[in-house]
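Okay, here's what each chain looks like letter by letter:
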Amino acid sequence: MPDSPGKITLWGIEIFIATADEGSISAAARRVGASASAVSQQLTSLEAAVGATLLNRSTRPVSLTPAGAMFRRRAQVIQNEAEQARAELATSDLSTLTSFRLGMIEDFDADVTPALLSDMATDLSHCQFLLETGASHKLFGLLDSRALDVIVAADMGAAASWMEVHPLMEEPFIAAVPKGLVSEGLQGADFIDALGELPLIQYTARHVMGRVIAAHLARQNLRLSHRFELDSYHAIMAMVTQGAGWTILTPLGFLRAQRFHDGLDLFPLPFAPLARTISLHARQDVLGDMPGQVAERLRGLLQQLTIEQARLHMPWLGDSLRLL
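To start, this report covers the structure provided alongside it.

Some details on the overall build of the chain
In step 1: Of regular secondary structure, the chain possesses eleven helices and 13 strands.
In step 2: Considering only C-alpha atoms, the chain reaches an extent of 75 × 45 × 30 Å along its principal axes.
In step 3: Put simply, the chain has 324 residues, and 46% of those count as buried.
In step 4: Of the contacts formed within the chain by residues at least 6 apart in sequence, a portion of 72% connects residues at least 24 apart.
In step 5: When the accessible area of the chain is evaluated, it comes to approximately 15,400 Å², of which 51% is carbon and sulfur surface.
In step 6: One finds the centroid of the 26 positive side-chain charges in the chain at a distance of 8 Å from the centroid of its 35 negative side-chain charges.

Some details on the pattern of salt bridges
Any two side chains of opposite charge can pair, given that their charged atoms come close.
In step 1: In this structure the tally under the stated criterion is 15 salt bridges.
In step 2: A salt bridge links Glu22 to Arg31, with the nearest nitrogen and oxygen atoms 3.3 Å apart.
In step 3: Among the residues examined, Glu22 registers a relative accessible area of 32% and is labelled partly exposed.
In step 4: Three or more residues are tied together by salt bridges with common partners; here these are Asp21, Glu22, Arg31 and Arg72.

Some words on the sheet that holds strand 5 (residues 150-154)
In step 1: Strands sit in the order 4-3-5-12-6-13 across an open sheet of six strands; the sheet is mixed. Looking along the sheet, the strands with just one partner apiece sit at the ends: strand 4 (128-134) and strand 13 (322-323).
In step 2: Two elements, strand 6 (residues 163-172) and strand 13, share two bridges in a ladder whose sense is antiparallel. Residue Met169 lies in a different strand from strand 13, and its bridge partner there is Leu323.
In step 3: The sheet strands contacting helix 5 (residues 112-123) are strand 3 (99-105) and strand 4, and the helix crosses strand 3 at an angle near 165°.

Comments concerning the sheet that holds strand 7 (residues 174-178)
In step 1: The mixed open sheet is built from five strands, whose spatial order is 9-8-10-7-11. The open sheet has two edge strands with one neighbour each: strand 9 (228-230) and strand 11 (264-268). For this sheet, the mean inter-axis angle between neighbouring strands, taken without regard to orientation, is 30°.
In step 2: Bridge count between strand 7 and strand 10 (residues 246-249): three bridges; the pairing is antiparallel. The residue bridging Ala175 from the neighbouring strand is Ile248, located in strand 10.
In step 3: Strands strand 8 (200-203) and strand 10 of the sheet are contacted by helix 8 (residues 208-219), whose axis makes an angle of about 130° with strand 8.
In step 4: Where helix 9 (residues 233-241) meets the sheet, its contacts fall on strand 7, strand 8, strand 9, strand 10 and strand 11, and the angle it forms with strand 8 comes to roughly 175°.

Description of helix 9
A turn of α-helix holds 3.6 residues, and therefore any two residues three or four places apart point the same way.
In step 1: Burial in helix 9 covers these residues: Tyr233, Ile236, Met237, Ala238, Met239 and Val240.
In step 2: Once helix 9 finishes, Gly243 follows within two positions and takes phi at roughly 80°, a positive value.

Digging into helix 11 (residues 290-313)
In step 1: Look at helix 11: 34 Å from first C-alpha to last across 24 residues, which is about the 34 Å you get at 1.5 Å a residue.
In step 2: Of all bends in helix 11, the biggest is about 40°, found at Leu302.
In step 3: Looking only at helix 11, the buried set comprises Met290, Pro291, Val294, Ala295, Leu298, Arg299, Leu301, Leu302, Thr306, Ile307 and Ala310.

Remarks on the packing of helix 1 (residues 10-22) against helix 3 (residues 36-50)
In a packed pair of helices, the relevant descriptors are the angle between the two axes and the axis-to-axis distance.
In step 1: Running from amino to carboxyl end, helix 1 crosses helix 3 at an angle of 110°, the nearest separation of the two axes being 9 Å. Taken as axis vectors, helix 1 and helix 3 run roughly perpendicular relative to one another. Along the contact surface, helix 1 presents Trp11, Gly12, Ile15, Phe16 and Thr19, while helix 3 presents Val39, Gln42, Leu43 and Leu46.
In step 2: Grouping the constituent residues of the contact of helix 1 with helix 3 by class yields six nonpolar, three polar and no charged.

Describing the pairing of strand 6
In step 1: For strand 6, a buried count of seven out of ten residues is recorded, marking the element as mostly surrounded by other parts of the structure.
In step 2: Sheet topology places strand 6 next to strand 12 (residues 275-283); nine bridges connect them, and they run antiparallel. Across the sheet, the residue bridging to Pro167 is Ser279, located in strand 12.

Criteria and thresholds
- Residues numbered from 1 in each chain as written.
- Predicted model: local features only at pLDDT ≥ 70, side-chain atom pairs only at ≥ 80, totals over all residues.
- Heavy atoms only, no water.
- Helix = DSSP H or I, 4+ residues; strand = E, 2+ residues; numbered from the N terminus.
- Buried < 20%, exposed > 50% of the residue type's maximum accessible area, 1.4 Å probe, protein only.
- Contact = heavy atoms within 4.5 Å.
- Areas by Shrake-Rupley, 256 points an atom, 1.4 Å probe, with all protein chains shown as cover.
- Lys, Arg positive; Asp, Glu negative; His and termini not counted.
- Charge placed at Lys NZ, Arg CZ, Asp CG, Glu CD.
- Salt bridge = Lys/Arg side-chain N within 4 Å of Asp/Glu carboxyl O.
- Pairing = 2+ DSSP bridges.
- Axes fitted to C-alpha atoms, helices over the stretch in contact; angles between N-to-C directions.
- Expected span 1.5 Å × (residues − 1).
- Bend = angle between axes of the 7 residues up to and from the residue.
- Parallel < 35°, antiparallel > 145°, perpendicular 65-115°, else oblique.
- Nonpolar A, V, L, I, M, F, W, Y, C, P; charged D, E, K, R; others polar.

So, in structure tokens, the structure goes:
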């Protein structure tokens, strides 16, 4: 049923904010899960309702008019209040929650994410779940633009003032080398010498993890030979098992590519240790107690499905891999 002329709707406000953020009708349509024509129609209806042109839709990217910039501030307050009301209702009775938009790093695709969604679906029988997986920087962008409610991602420095953060786990970076190439107990220069001319297969610097590794190597004054820079754990580990190089990754990365486990050996980093923290992030004071509740569910799953499994393969990890 079409909206009545002259009425401002939450749907229209959500579409307006998405279009203002994305600078594109088609990108806004993807973000809200509607057709471009539906987005355009809603924008026209909203402009008719407020009696002003809010967007310059003929420009690329789409831009706000002066009236649109003024309305944008009010629209954000309205959306915040709607989200707060939804969260308060949901936390008072979880069965009333109708939608939940979750972003998860790809490291959890095979085990943690399906287990979490199945667990939540039992309690939230009438809830529709939207899952977005990807690299941490992508998920932070979607949380910032309000396209997601909650994300689970690797920390990227100090949290923004509008975020609430629930630390989940800390994991060290480790070295993976072709099977039998390096003897146990080698460290530092002896470890590097044992690799011979074998190059480092780097995780792409387009992602935060790759930049963290590169910066750590620079701090150690290490200039390691490398020919490959990839963004796939599976491709990296396949090349390591084939003897094409060695790599630096995390226990989670190792667990994702199980079919290559028998073809490589794992060691602590042969130089100064490096670790990353994975946390749940949400907008502060928007979702009530829900982020904390989801974080608590996740900690139990992480202990069972990642930490205990990783320690079976790498008992030397000890407390360097731990819940927070």
